[in-house]
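Residue-level structural notes
Spelled out from the first residue to the last, the chains are:
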Amino acid sequence: MEEVSSYEKALDVLSSFITLRSPADKGSKCSRFEFVFDYIKILDLEEPISKMKIIHVAGTKGKGSTCTFVESILRNCGFRTGLFTSPHLIDVRERFRIDGVDICEEKFSEHFWWCYDILKENTNEDLPMPFLFCFFTLLALKIFTAEQVDVVILEVGIGGRLDSTNLVQAPIVCGICSLGYDHVEILGHTLRQIAGEKAGIFKHGVPAFTVSQPDEAMSVLQEKASQLGVHLEVAPPLDANLLNGLKLGLEGEHQYQNAGLAVALCYTWLHRTGHLEITNLEQTSSLPESFIKGLRTANLQGRAQIVPDQHIDIGSPGDLVFYLDGAHTSESMEICARWFSIAIKEDSQPQDNFRASHELVQMPPDERSRKNSIQILLFNCMSVRDPQLLLLRVIKTCASHGVHFKKALFVPNMTAFFKFGSHALPPTDSQVDLSWQFTLQREWESLMQGNKGGDAKSPDGICEEVKDDSELSTKSCENSMVFSSLPLAIKWLRDSVKQNQSIRFQVLVTGSLHLMGDMLKFVKK
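These figures come from a predicted structure and were not determined experimentally.

Observations regarding the overall build of the chain
Looking only at helices and strands, one finds 17 helices and 16 strands in the chain. Across the 525 residues in the chain, those meeting the buried criterion constitute 55%. Of all intrachain contacts in the chain linking residues separated by at least 6 positions in sequence, the fraction that spans at least 24 positions is 76%. For the chain, the accessible surface area stands at approximately 23000 Å², while carbon and sulfur atoms represent 49% of it.

Encoded structure:
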């Protein structure tokens, strides 16, 4: 019998941290923010954290992108970087990046067991073990201490004020990305409430930057900044002309806003840590080469990422292409749909080796012009979302660009949410509860029938049960299909491409970051 590695054991132990208790349950001892300071003392991390030169970033949309840009810029300036982000898509080690690379299994295991053993020995009924994200935060800071990084970039998990990353008392600079409605059951149902939670990362006298915000949110940020003596500035979107004709590493027009915030955060970090010799951004007519390279080479999986299917046996490359974006709010869904609509009309040829679309295989121009393209939506979202709102944003935004979906495919996530490691196997098809996917299908059919002027209340009348070669049941309607697993949906797409070799299939995959991870595991292995 094969011996289980220290890393696999660590992943199994991580599974024990996860409970079904909602983060919104403020009565839970495991979710009380003040405990984090006890954990820091137990781990003897107070002094190391006080010496860290931290950039702390909160927001509803764009946190991951902004942090990715910041890390890439400062790494290209010659600094040793530590980046803590969430969630991970494929491997938990993605959350802990040193110099732009996931921490290796050996180092992860070493630091994991150091933290876990000490906490296990020193916690009790009154001071329970930390909940999962809190443990990840503590582990990240232990890793960055041991690796002696020059700069730590911390992405807030949820909110800000009570997020475990807010244990940082003296960051170098703070950033607030675009604000909108997400996690309202935890953060509040108004932009004012949400902005108040996000502004909770402001620290007395520490400069902060944000992007253009709705008036309701901006007023709260300004109030909080004024109370704490924080110099708050609005960072303008990056002027594309400053890139000398090159493109950002992350796709989408909205990324220029995130890039502008990242540039402001990096400049302030350099200024406050005494590294002004690297750059002089008072000169607004150009960016330093290190900044341009950082912005150009930034890479983030599952966000505006174009992945051609490499495993389909057909004569022409590029006939099945997946457009992946983990949008899961109404605002981000609109941005995603706009990006997809523009991306599918652009030439397939990559602009440079570092763009997210660099994997896209170019088709000969004469062949490409002979082929028609159809658009497919592959979708799932969490049940706490409003599916009608999300799907309507996709339909309307794409339609405004002349893009209409031939079919929508709905699948459950394969990810075992409450398990890590080798035991985190997806359920078998017979165990999958598809009731939520059928709900999504009904919403889609209603929206489609409404758009066509039909009876929006009777989508079930045009649906039927079909069976594939494995005798697994699928529900197929006029405009949509439900599959019991992602592999079955991809098999259907591949079979469809083989049967229609005069057509290119362009598949937008969105609605859930968990779905992005599942897709990347499946199509890139």
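Structural notes on the packing of aromatic side chains
To describe a pair of aromatic rings, you give the distance between the ring centres and the angle between the ring planes. What the rule picks out here adds up to 19 aromatic pairs. An angle of 10° between the planes, with centres 5.7 Å apart, marks the rings of phenylalanine 112 and tyrosine 116 as stacked. Placement of both phenylalanine 112 and tyrosine 116 in helix H5 (residues 105-122) is noted, with a separation of four residues, approximately one turn of the helix. The same class applies to phenylalanine 112 and to tyrosine 116, which are both buried. Consider the rings of phenylalanine 405 and tryptophan 444, whose centres lie 6.2 Å apart with planes at 70°: the pair is edge-to-face. Residue phenylalanine 405 is located in strand E12 (residues 405-410), and its partner tryptophan 444 is located in helix H15 (residues 435-451); the two are separated by 39 residues in the primary sequence. For the pair phenylalanine 405 and tryptophan 444, a shared accessibility class is recorded, and that class is buried. Joined through ring pairs, the aromatic side chains of Tyr7, Phe84, Phe96, Phe108, Phe112, Trp113, Tyr116, Phe133, Phe135 and Phe136 make up one cluster. Residue placement shows lysine 142 over the ring face of tryptophan 114; its charged tip is 4.5 Å from the ring centre.

Things to note about the pattern of salt bridges
Summed over the entire model, instances satisfying the criterion amount to 13 salt bridges. In this structure, glutamate 47 engages lysine 51 in a salt bridge whose closest nitrogen and oxygen atoms are separated by 2.9 Å. Taken together, the residues glutamate 47 and lysine 51, both in helix H3 (residues 46-51) and four residues apart, mark about one turn of the helix. Its relative accessible area of 51% is what places glutamate 47 among the exposed residues. The class for lysine 51 is exposed, based on a relative accessible area of 57%. Glutamate 197 serves as the salt-bridge partner of arginine 161, at 3.1 Å between the closest nitrogen and oxygen. Linking arginine 161 in the loop between strand E5 (151-155) and strand E6 (173-176) with glutamate 197 in helix H8 (residues 191-198), this pair joins segments that are 36 residues apart in sequence. Note on arginine 161: relative accessible area 38%, which makes it partly exposed. Since its relative accessible area comes to 16%, glutamate 197 is described here as buried.

A few points about the sheet that holds E6
Sheet architecture is open: eight strands sit in the order E4-E3-E2-E5-E1-E6-E7-E8, paired in mixed fashion. Strand pairing shows two members of the sheet lacking a second neighbour, strand E4 (101-102) and strand E8 (232-234), which therefore form its edges. Two elements, strand E7 (residues 208-210) and E8, share three bridges in a ladder whose sense is parallel. When the sheet's bridge partners are listed, alanine 208 is paired in E8 with leucine 232. With respect to the sheet, helix H4 (residues 63-76) is in contact with strand E1 (54-58), strand E2 (81-84) and E5, its orientation differing from that of E5 by roughly 170°.

Things to note about the state of the cysteines
A covalent bond bridging the sulfur atoms of two cysteines is what the word disulfide describes. Overall, the coordinates contain zero disulfides when judged by the stated rule. Cysteine 67 takes part in no disulfide bond, and the closest cysteine sulfur, belonging to cysteine 177, lies 6.7 Å away.

Remarks on the UniProt feature "binding site: ATP" (unreviewed entry) in the chain
Taking the UniProt record as the reference, the feature "binding site: ATP" (unreviewed entry) is found at Arg303 and Asp325. Taken together, the annotated residues stretch across 23 residues yet fold into one region, lying no more than 4.4 Å apart by C-alpha. Secondary-structure assignment places arginine 303 in the loop between helix H11 (289-297) and strand E9 (305-308). There is a polar contact of 3.3 Å between the side chain of arginine 303 and the backbone oxygen of glutamine 301. Judged by relative accessible area, which is 11%, aspartate 325 ranks as buried.

Cut-offs and rules
Residues numbered from 1 in each chain as written. Predicted model: local features only at pLDDT ≥ 70, side-chain atom pairs only at ≥ 80, totals over all residues. Heavy atoms only, no water. Helix = DSSP H or I, 4+ residues; strand = E, 2+ residues; numbered from the N terminus. Buried < 20%, exposed > 50% of the residue type's maximum accessible area, 1.4 Å probe, protein only. Contact = heavy atoms within 4.5 Å. Areas by Shrake-Rupley, 256 points an atom, 1.4 Å probe, with all protein chains shown as cover. Phe/Tyr/Trp six-rings, centres within 6.5 Å; stacked < 30°, edge-to-face > 60°. Lys NZ or Arg CZ within 6 Å of the ring centre and 35° of its normal. Salt bridge = Lys/Arg side-chain N within 4 Å of Asp/Glu carboxyl O. Pairing = 2+ DSSP bridges. Axes fitted to C-alpha atoms, helices over the stretch in contact; angles between N-to-C directions. Disulfide = S-S within 2.5 Å. UniProt positions renumbered as here; feature names shortened; annotations may be inferred. Polar contact = N/O pair within 3.5 Å; in protein donor to acceptor, adjacent residues only side chain to side chain.

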